[in-house]
Amino acid sequence: MESHVGDGGAMDVDDTRLEAMSAQPLMTRDYETRPALVYERLRQRHGPVAPVDLLGVPAWLVLGYRESLQVLQDDDAWPKGLENWRARSEGRVPADWPLGPSLEVNHVLIQGGPGYQPLRTAWDAALKPFQDPRHPQTKRLKTAVTAHADELITLLGQGGGTGVADLSAQFARPLPLMVASHLLGFPGSQGDDALMDMRRVLDAGPDAEPALERLLETLVELAAAKRTRPGDDFPSYLLATHPDLSLDALARELFMLLGMTSDHVGILISNTVVEVIAGEGGARASLSAGMVRETMNRVVMRKPPLVNFVPRFAAKDTPLGNYTIREGDPVWVSSAAAHADPVFADHVVANTTISTRAHLAWGAGRRQCPARELASTVAATGVSRLFERFSHLELALPVDQLPWRSSPFMRGLRSLPVRYELASPVALLAPEEQERAAEPESDTPDTPDTPGTVVTDQAVQRRSSLWRYLTGLIRTGR
């Protein structure tokens, strides 16, 4: 033990090496069902920084709000980049580690070193047309999100003006997938399989590695197409700003964008719906006042979709919390745990219409999420359209019985069963139209991606495996 003087005065710092500690597994049944309890146990035992076993690999988990800011805001002391990971360099990370496939993809979220800043500059420039309200692409994007949301709600309503639905499977998850196809410029419905593989990678299951291989192959093909025939889309803008990107490097960046606009946004939509239907009064008051962004802000404080950020690494031996973090040790900042830290939580005023912006849901510092405005726009537009089109929504299960899924990165609902009533009837498809919607894909060529257009053609949707899947989920009656 050594003495260290921090913000709170003198304290003892444990200099035991991470690999010598008997860390408790993080991914347990309790973490799946009650992660807040797991964080609190770790906090009580270790303080604001705790050693954990992350699927067989030891790591430091940052639980404290102040300590999280310290790590996130100091890129020099806590750099990203797997080349900084001592255990990996020494061959002590198993080759079949479940998180390996997603962390080995060296995109803007993972990358460190001198290559990061030019890449981040290109990201900011490529996203600006879709995030800056002064650009026509931003207006077209919002129009596309609204159109896709209406398509999904109308399809759901084929089961009747009232009924039961899974808003996660039938709305919250497919909406950002459809938007991602628009952003990446996938022709027609070709992006469906790639987007579903993205979800498998984020879930870090046994099929994550083959899913990643398929996904990157598809994205390399898309990157090659955009280099030859650029369009009004993110990959074309990224190439224009950073023309030296190889096809493989561009595919990795598209992988990153898919992760942000698919799983993350889908979880945010579902969590916001639950908070409005069953949460405390502040969320409902915000939504009824037309403040959807404020409602979402309250949600990400209570249930952030991205619960643990990708790792950073100690540049040198550094005291953090009650421990000395050794050079090259992996450090995972937990936004969910930081939001539950009394240092933060005790200063959040409940049942108010306006809440704090000091949360960490989008990160902090220079490496704050570059697509945060894009993700917020997609989620806010989707949620707004949902509550405009439905006159009544109620949970079909008690809120404490909703099924959750947790990965080392994300936490979201497996399903969101609701009873609904549409505000106005929808035009029902004729029986023969419903049959055609579920038919296998035809040999009809895909619709080309014309700059500035939104593909909403019903023939394209009928060829889509995603659309056929959604058609199969329609339930009639209450």
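Higher on the page you've got the structure.
Keep in mind that what you see is a predicted model, and the values were worked out from it rather than measured.

So, how was this worked out
- Residues numbered from 1 in each chain as written.
- Predicted model: local features only at pLDDT ≥ 70, side-chain atom pairs only at ≥ 80, totals over all residues.
- Heavy atoms only, no water.
- Pairing = 2+ DSSP bridges.
- Helix = DSSP H or I, 4+ residues; strand = E, 2+ residues; numbered from the N terminus.
- Contact = heavy atoms within 4.5 Å.
- Axes fitted to C-alpha atoms, helices over the stretch in contact; angles between N-to-C directions.
- Phe/Tyr/Trp six-rings, centres within 6.5 Å; stacked < 30°, edge-to-face > 60°.
- Buried < 20%, exposed > 50% of the residue type's maximum accessible area, 1.4 Å probe, protein only.
- Lys NZ or Arg CZ within 6 Å of the ring centre and 35° of its normal.
- Polar contact = N/O pair within 3.5 Å; in protein donor to acceptor, adjacent residues only side chain to side chain.
- Expected span 1.5 Å × (residues − 1).

Any chance you could explain the sheet that holds strand 7 (residues 312-313) here in plain terms?
Strands belonging to one sheet form pairs held by backbone hydrogen bonds; the direction of such a pair is parallel or antiparallel. The strand order across the open sheet formed by five strands is 3-4-5-10-7, and the pairing between neighbours is mixed. At either end of the open sheet lies a strand with only one pairing partner, and these are strand 3 (24-25) and strand 7. The sheet contact formed by strand 4 (residues 49-54) and strand 5 (residues 57-62) spans six bridges and is antiparallel. Across the sheet, residue Pro51 finds its bridge partner in strand 5, namely Trp60. Running at roughly 125 degrees to strand 4, helix 2 (residues 35-46) makes contact with strand 3, strand 4 and strand 5 of the sheet. Across the face of the sheet, helix 3 (residues 65-72) comes into contact with strand 4, strand 5, strand 7 and strand 10 (330-333) while running at roughly 120 degrees to strand 10.

Hey, could you run me through the packing of aromatic side chains in this one?
Two aromatic rings, taken as a pair, are described by how far apart their centres are and by the angle between their planes. Taken as a whole, this structure holds nine aromatic pairs when the rule is applied. Centroid distance Trp60 to Tyr323: 5.0 Å. Interplanar angle 45 degrees. Geometry classified as tilted. Of the two residues, Trp60 sits in strand 5 while Tyr323 sits in strand 9 (residues 323-325), which places them 263 residues apart along the sequence. By relative accessible area, Tyr323 is classed as buried at 7%. Ring centres of Phe390 and Tyr420 lie 5.4 Å apart, and the angle between their planes is 70 degrees; this geometry places the pair in the edge-to-face category. One end of the pair, Phe390, is in strand 11 (residues 390-395); the other, Tyr420, is in strand 14 (residues 417-422), with 30 residues separating them in the sequence. With respect to burial, Phe390 and Tyr420 carry one shared label: buried. In textbook terms, an aromatic cluster arises when at least three aromatic residues are bridged by ring pairs, as seen for Trp85, Trp97 and Phe313. Lying across the ring of Tyr116, Arg367 places its NZ or CZ 3.7 Å from the centre.

Can you help me understand the side chain of Asp329 in this one?
One can find Asp329 in the loop between strand 9 and strand 10. Among the polar contacts listed, one links the side chain of Asp329 to the side chain of Trp60, at a separation of 3.0 Å. Within the structure, Asp329 has its side chain in polar contact with the side chain of Arg86 (distance 3.0 Å). Apart from the residues within four sequence positions on either side, Asp329 is in contact with Leu18, Glu19, Trp60, Arg86, Arg312, Phe313 and Ala314.

Where do I start with helix 6 (residues 116-131) in this structure?
Side chains that are three or four residues apart share a direction in an α-helix, a result of its 3.6 residues per turn. For helix 6, spanning 16 residues, the distance from its first C-alpha to its last is 21 Å, which sits close to the expected 22 Å at 1.5 Å a residue. Restricting attention to buried positions, one finds in helix 6 the residues Tyr116, Leu119, Arg120, Ala122, Trp123, Ala126, Leu127, Pro129, Phe130 and Gln131. Those residues of helix 6 that are buried lie in contact with helix 7 (136-156), helix 9 (174-184), helix 12 (234-241), helix 13 (247-278) and helix 18 (372-389).

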